[in-house]
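Here are the chains, one letter per residue:
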Amino acid sequence: MSASLARPMLRAPMRIAARRYESTASSAASTAGNAAGNAASKASQGLSKVTSAAGPAIAGAARGVSNALGKIGGRTGRLINFVQAQTPFVTYYGKVGLELSKLVFQGQKMAPPSMATFQTTYQNLWTRLQNRSISPQNIIQQVRSLGAPQLVAGGVVLAECLGFFTVGEIVGRFKLVGYHGEVASHH
């Protein structure tokens, strides 16, 4: 019995030594690359299986919740129906706005602020709010101390915003003339 246990132990170092001498850097790299590729493909297969299995379950749960919410009446039911009716529009225009902002960011070569800048800005704001150093009197004092160049720059930005809003309304309504109001409200 002891001889049969000793045999595998004697053979193991020779196999490891043989493997060590036979391998090269290129074969080790290709083996590692194949292993990584196999792991990635197995992971993507597993993810697709989970997604395909969970997709109908999530959709069914959403339909069940939607049906249950659709049975609610009164003001709450009207609010729920209104929100459900607006969801596709909000989703669509949200995606359009995101893509448009990406184009503007890339075209203007803009970049979001770094995390350190973001943290310091909002930490300073938070401490000012906690210390109550932001008050209506302070804001009024800062507005009074604005100079002519700052007021002109603010006016230009306001005019640009108004212009963009007006052009957006014209394009959105396909009309140059404003909204039609109620006749009775003008008397």
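- By the naming in an unreviewed UniProt entry, the chain is ATP synthase subunit g, taken from Akanthomyces muscarius.
- As stated in UniProt under Subcellular location (unreviewed entry), the record for the chain gives "Mitochondrion membrane".
- The heading Sequence similarities (unreviewed entry) in the UniProt record of the chain holds the text "Belongs to the ATPase g subunit family."

## A few points about helix α6 (residues 148-173)
Consideration 1: The first and last C-alpha atoms of α6 sit 37 Å apart over 26 residues, in line with the 38 Å expected at 1.5 Å per residue.
Consideration 2: Directly beyond the C-terminal end of α6, a positive phi value near 60° is found at F174.

## Points about unusual backbone geometry
Consideration 1: Here K109, not a glycine, exhibits a phi torsion of approximately 55°, which is positive.
Consideration 2: Along the chain, K109 turns up in the loop between α3 (74-107) and α4 (115-130).
Consideration 3: Given a relative accessible area of 76%, K109 falls into the exposed group.

## Brief notes about the packing of aromatic side chains
Consideration 1: Applying the stated criterion across every chain yields a total of two aromatic pairs.
Consideration 2: Pairing Y92 with Y93 gives two aromatic rings, centres 4.9 Å apart and planes at 75°, and the pair type is edge-to-face.
Consideration 3: Using a relative accessible area of 55% as the deciding quantity, one classes Y93 as exposed.

Parameters and conventions
Residue numbering note: each chain is counted from 1, following its sequence as written. In keeping with the predicted nature of the model, local features appear solely for residues at pLDDT of at least 70, side-chain atom pairs appear and are counted solely at 80 or more, and the whole-chain, interface and lining totals rest on all residues. With hydrogens and water stripped out, all remaining heavy atoms of the structure feed into the side-chain values. UniProt positions are given in the numbering used here, feature names are shortened, and annotations may be inferred rather than shown by experiment. A run of H or I in DSSP becomes a helix once it reaches four residues, and a run of E becomes a strand once it reaches two; helices and strands are each numbered from the N terminus. Helix span, expected: 1.5 Å multiplied by one less than the number of residues in the helix. When accessible area is computed with a 1.4 Å probe and restricted to protein chains, residues below 20% of their type maximum are described as buried, those above 50% as exposed, and intermediate ones as partly exposed. Aromatic pairs are defined between Phe, Tyr and Trp rings, using the six-membered ring for Trp, whenever the two ring centres lie within 6.5 Å; interplanar angles under 30 degrees are classed as stacked, those over 60 as edge-to-face, and all others as tilted.

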